[in-house]
Every structure is written in C-alpha cells, then in structure tokens.
Amino acid sequence: MADNLPSEFDVIVIGTGLPESIIAAACSRSGLRVLHVDSRNYYGGNWASFSFSGILSWLKEYQENSDIVNESPTWQEQILENEEAIALSRKDKTIQHVEVFCYASQDLHEDVEEAGALQKNHASVISGNPTEAAHSAYQPSEDESLCTVSCEMPTEQTPSSDQETALEINDVEVTGEKEKRYDDKTHAKSASEEETSENVPIAEDTVLQPKKNRITYSQIIKEGRRFNIDLVSKLLYSRGLLIDLLIKSNVSRYAEFKNITRILAFREGRVEQVPCSRADVFNSKQLTMVEKRMLMKFLTFCMEYEKHPDEYKAYEEITFSEYLKTQKLTPNLQYFVLHSIAMTSETASNTVDGLKATKNFLHCLGRYGNTPFLFPLYGQGELPQCFCRMCAVFGGIYCLRHSVQCLVVDKESRKCKAIIDQFGQRIISKHFLVEDSYFSENTCSHVQYRQISRSVLITDRSVLKTDSDQQISILTVPGEEPGTFAVRVIELCPSTMTCMKGTYLVHLTCTSSKTAREDLEPVVQKLFTPYTETEIENEEVEKPRLLWALYFNMRDSSDISRNSYNDLPSNVYVCSGPDCGLGNDNAVKQAERLFQLICPNEDFCPPPPNPEDIIIDGDSLQSETSEFSVIPEANSETPKESTSLGNPEETSQ
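Residues numbered from 1 in each chain as written. Predicted model: local features only at pLDDT ≥ 70, side-chain atom pairs only at ≥ 80, totals over all residues. Heavy atoms only, no water.

The protein chain goes by Rab proteins geranylgeranyltransferase component A in an unreviewed UniProt entry, where it is assigned to Ailuropoda melanoleuca. Taken from UniProt, the Sequence similarities (unreviewed entry) comment for the protein chain reads in full: "Belongs to the Rab GDI family." According to the UniProt record, the Subcellular location (unreviewed entry) comment for the protein chain reads "Cytoplasm, Cytosol". (UniProt positions renumbered as here; feature names shortened; annotations may be inferred.)

Spelled out as structure tokens, the structure:
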C-alpha cells in the first residue's frame, strides 16, 4: 500500500513527464533509491496519450477544475519549529480554453455507449457546459489504458515486447506484436493484424451500409480504444538526442517506431509534397531541371556551410528569409527551404539559425527512411512510460494517484529535507525534482509563461490523397498576418496505432497569440471541411471531412530561469513541461543537466549490464568468464545499434 512506503530515498521525483521520467531512470540506473510519484492516474502528465474515452474523461477533469485528491488536513501539524513548508498546488492549471466540436453524425437508435462518451451535440462547445462531457465519468482503473493503482510498478502500463532488439523501425507494416494495456480487456495485435482484423462490431457494417464512407460518432465511440491521442505533438529527429539516448540506454527495446513518409507544403491554397532527399529532388515533377540543380547546389552548401564562412558572414544580421532571396533560388525553392526543410520563422530566425536547421534536417535524412523523422507507435505518451519502466527495472518505486502536500525545508540550512504526502507520511530524501505544474501560485508569482495552441482533429482522409492510405505527413502552414505564428500540422494514419481504420488523426501546434481556437481555426478551415450529410452525397469533395475537433492552450514552461521561482531550496530542481518545438532535445538536455547536478561523476543512462557478466556471490568461475565477456559487451552494443538503427543507407544531401 502507498501508506507503507519506505521513509527515506535518495531522490524523489514528482511528475511523470518525459524529463522527469528520464531523470528517474538515470538516477535509478546509477544505483540511487528513487521514489517517483504523480497525483494523476496516468503516466506522462502533459506528455500523455489517451484513448478516445480517456481524452473525454481528461477534458471533464479540467472543465470541472476539481481536485485530484483530497488534502490531508493534518499535514501542517507535522511542520516543526525549525522547519517551514512549501505547499504544492492541488490543481493543474496548465490547460486552458478547452473547446470540443463534434461534426460526425450520431445514429441514435444504436445502443452504443462507452464509459466517458460525449453526448452528441453538433458543433457544440463543451467547455461551456462541462456536464455534457461524459456525465458519468468512468473509473480510470477500469477503462483507461494509462492508469494504475497507487504504488504500483509501471511494468503493466508500459509497452511490453518480447523482442530484445534495439530501436525498431517499421516502414509500412509493423512486424512483431505489441502488447497494449487495456486492463482486463487486453489484446495484442501487430499492425498487419490490425489491418485484416475481423474483430469489429457487427453493427459497424449496418452503419456503413446505407452510405459509403460514412463514419458516425457511434463508430468513433465503439472504436475508441484504437485511438491514442497525444496531448503534445512532436516527432523524433533520427539523429536527435532522444534517439541517441534510447539506443544508448537500451530503452528503445520497450518501443517501436515508424518513419514519417512525406513532408508537405501549403502554398497558394494547395497542399503539395516537398522533395527533400536527392532521389526526391530528381524524381519531382514540380521542379524544373534548372530548379533541381539550384536546390541540390544550395543543399550541398548547407551541409558544409561552416567551412565556407565567406558565403554567409555578411548576411548574419538579416533573417534567413532575406538571405534566401540573395541566393540563386526561385521563389518556389525559397518557400520549400524556409518552411518545409529549415522549418524556421520567416521573421524571427537569422541566417545562421536557418543554415543550422537546414543542416540538421539534411544530416538526419536517410538514417531510417526518406525523411529525417520518426514517430513512436501508440503515440508520444509511450516515451515517458519507457523510461519509467527502466527506472522500475533498477528498483525505482512508482505511485500514481499519490499527491504530495508540501516540501519540508530546514530553516537553518535552507535545504529541503522531506515531503509530506496525502496520507500525512513524511518521506526523507536528499534531492527533489518537481514538475513545474506542481508549484503553487505563491512559488510561481514572478514566472512569465508562454502558451502553446493545440488542436486535435479526427478526419476521414488525408490532406493529400495518394495511392497509399498509410502516409504519415508533416506540413507547415506559415502565418499570414503580422504577429501570427506558423502552424505545424502532423497527420497520422491508422498504422501508427493512433486512430481507427478509415480515419486520420491530425495534430496542429503553434505558439499562442490568442486562444487555441482563434489561432488554429483559420488553418483548419483552409485544410478541412465539416462533415455533414450533404457533403457525404458529394463524392468529389476536395478537402478531407472533419469528424471531431478539440482545441486547448497548454502552458509552455521551458526556458524559465530557476531564479524566477520564489525561495526554492538548492536541492529542489524544476522540470519544465513540453515546449513548442518539433523535437525532444530540450527535454533530454534538461534531464542530463539536472542529473549531472545530482550525480556529477556518473554516466548519464549507460547501457544496461549484460546478464552474463553479473557476478553472483563472488563466484570465481563466473569472475573469470566475466573478464572475457566485458569486451564483447562493449562490442555487442555497437553492432546492435548499427544493424537495427544505422541502416547503411546513403545519407541524402
């Protein structure tokens, strides 16, 4: 039970987001005693993924703005005269301006209901009336896939795989089986099995019978477990810090990934594919032969721009957009490079930033596929769970639905010495890592937060239709008006295990200037059309039809100076939530920096030991064999990385 926790640890981590999970894994791997707690009933915090019913329950929680757990009224009595308390917040205020719209039709005669299901109300703003969203909220322990009981190891919550391979990349079909946790309704299927599965309710045939391509809200509810909806939308650069960490630590064996198959651009009201690799450039029908030569020459320069400072030094003070105009590039090529390759701001990024971003893009090409990006099967929420699993393997203790009331600070030394949890138990530790959202308004009164505008859409087809219906795409839509930001669009197909067959899951992200709906709805209207009965009759609809939409603003606590927080003890470290960037480098850098403060002389997430090298009770025979097996251990990791990750494909320039 949670109230029987050990009374002392080396490190206590509060929050299970990606940075906190990486740090917990690194500390546990280094032999420290780690307690990892979260007041939520799921792993990941704002990095989590939910089934469809799960996202509706999550919405209800924020709309009601209710406490996650009840506060113990006696914790103040435990504070001694030579101590003071830093109270932690009992409400998560990182999500604002939540709005939900449902466009798909509902067959009222169908007796289809899943716990947490939203009552059909066409184009309704649910945040205005919380009672409409899942008036009978389900018990998370029964229906939500990312939950556990208090003080339970996360091995049942994290993806399990029988293959002990390194990072596994899948091109079109997923090989091997992936176990997904749905409590007592667990099922294990590979993606290829998902494609041919007959395990679909019979009622679906009757729903689809009257009108072809018709997808109802009832279907979405019935197939809700096939959705894995991310709160934060990111991709992994194939040579980025997170991929390197996954390989080095061997955490990659807990997850599977797919390639992003194409990069798109939105120009003059049309969506078109961007050629980015050498093969794409020369196969492109959009570019003339002269443009192909121009583009290849410029991209070749970007790969080695640091060796030719004379070519760009004079332009360092101007924006990358202006710099591109000085090069021998057509407006068409300038647009592709700025928005789809460098993916930088038209007004905020200087020349060096743009060249660096372009080089990074090209450097990542060809490692695992024709684009630089990977996406984790079952969503971004798998990644924190993978590191939590590593922490648990090395002895970390996990408690979800376990609230911390306060940090106890010694007045004389000004260091934090303990926490007091929801049961009134005092737990001592040397180091404390706290996710930003857990601090109260008193602690954060001088912190200036940015906001991220997010939207999640369910659509009936891709924004750019091709012969294959298994495309995973990234698209950047530039801001049109001054002061507005470019919108990043990531479109996921069913083979990513994030949506039901016949639908696409679309994520939109930008830095906030207004509410999420005000920032993102203009882009949604450009790319999609609402799903209506009259549109169904028209087979020649140009835009994909919109079935369901969610808008919300998320706090961006990255790059906040530690000095902005009031009176934090030196052994309390702050972990930020997700940032607005496409990759995860910020989370990895933050985790490594904080780990080095706790364990200055330790390796950050080293490879796990080879079981054959472990010496039990000083057995002499095993000692002799281990001396010889130490060398193969170091060598065995490298081939595993090179065969599973470092595919000998030519890196495109």
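Enquirer: Would you explain the overall build of the protein chain in this entry?
Expert: Across its full length, the protein chain carries 17 helices and 26 strands. Within the protein chain, the proportion of its 653 residues that are buried is 58%. Long-range contacts, defined here as pairs at least 24 residues apart, represent 74% of the contacts in the protein chain between residues at least 6 apart. Entry remark: accessible area of the protein chain is about 27400 Å², with carbon and sulfur atoms responsible for 48%. (Helix = DSSP H or I, 4+ residues; strand = E, 2+ residues; numbered from the N terminus. Buried < 20%, exposed > 50% of the residue type's maximum accessible area, 1.4 Å probe, protein only. Contact = heavy atoms within 4.5 Å. Areas by Shrake-Rupley, 256 points an atom, 1.4 Å probe, with all protein chains shown as cover.)

Enquirer: Just to check I follow, could you spell out the nonpolar core for this structure?
Expert: Across soluble globular proteins, nonpolar side chains have a tendency to be buried as a group. Judged by nonpolar contacts, the single largest core of 101 residues is most densely connected at Phe52, Ile55, Trp58, Phe298 and Trp548. Ranked by the residues each element gives to this core, the list is headed by strand S25 (residues 545-556), at 8 residues. Listed in part, the 46 residues of the second largest apolar core include Val11, Tyr254, Tyr368 and Leu594. (Core = buried A, V, L, I, M, F, W, Y, C linked by side-chain atoms within 4.5 Å.)

Enquirer: Could you clarify how one ought to interpret the packing of aromatic side chains in this entry?
Expert: Any pair of aromatic rings gets described here by the distance separating the centres and the angle formed by the planes. Scanning the model with the defined rule gives 17 aromatic pairs in all. For the pair Phe50 and Trp58, a centre-to-centre distance of 6.2 Å together with 35° between the ring planes defines the contact as tilted. The interplanar angle of 65° and the centroid separation of 5.0 Å between the aromatic rings of Phe52 and Trp548 together place this pair among those described as edge-to-face. Taken together, the positions of Phe52 in helix H2 (residues 52-64) and Trp548 in strand S25 put the pair 496 residues apart, joining distant regions of the chain. The exposure classification of Phe52 matches that of Trp548, with both residues buried. A network of ring pairs unites the aromatic residues Tyr42, Phe50, Trp58 and Phe552 as a single cluster. The ring of Tyr335 carries the charged tip of Arg267 above its face, separated from the ring centre by 5.4 Å. (Phe/Tyr/Trp six-rings, centres within 6.5 Å; stacked < 30°, edge-to-face > 60°. Lys NZ or Arg CZ within 6 Å of the ring centre and 35° of its normal.)

Enquirer: Just checking my understanding: could you explain the sheet that holds strand S16 (residues 404-410) for this structure?
Expert: Strands in a sheet are paired, the pairing made by backbone hydrogen bonds, and the direction either parallel or antiparallel. Strand order in the open sheet formed by 4 strands is S4-S16-S17-S18, and the pairing between neighbours is antiparallel. Lying at the two open borders of the sheet, with one neighbouring strand each, are strand S4 (83-87) and strand S18 (426-428). Here the strands of the sheet are splayed against their neighbours by 30° on average, with no regard to which way each runs. Note that strand S17 (residues 416-421) and S18 share 3 bridges and pair antiparallel. Within S18, the residue paired with Ala418 across the bridge is Ile428. (Pairing = 2+ DSSP bridges. Axes fitted to C-alpha atoms, helices over the stretch in contact; angles between N-to-C directions.)

Enquirer: How should helix H12 (residues 351-364) be read in this particular structure?
Expert: Every α-helix carries 3.6 residues per turn, so stepping three or four residues along brings you back to the same face. With 14 residues, H12 extends 20 Å between its outermost C-alpha atoms, agreeing within 8% with the 20 Å of an ideal straight helix rising 1.5 Å per residue. Along H12, the residues that are buried comprise Thr351, Gly354, Leu355, Thr358, Phe361, Leu362 and Cys364. Of the surrounding secondary structure, the elements contacted by the buried residues of H12 are strand S10 (236-237), strand S12 (262-267), helix H9 (289-303), helix H10 (320-326), helix H11 (331-341) and strand S14 (373-376). N-capping of H12 is provided by Asn350, with a side-chain oxygen placed 3.2 Å from the backbone N of Val352. (Expected span 1.5 Å × (residues − 1). Polar contact = N/O pair within 3.5 Å; in protein donor to acceptor, adjacent residues only side chain to side chain.)

Enquirer: I tried to follow the pattern of salt bridges on my own but got confused; where do I start?
Expert: Here the idea is simple: oppositely charged side chains can pair when their charged atoms come close. By the definition in use, this model includes 24 salt bridges. With its nearest N and O atoms 2.8 Å apart, the salt bridge here joins Glu223 to Arg226. With a relative accessible area of 7%, Glu223 lands in the buried category. Salt bridges linked by common partners bring Glu83, Asp410, Lys417 and Arg426 together as one network. (Salt bridge = Lys/Arg side-chain N within 4 Å of Asp/Glu carboxyl O.)

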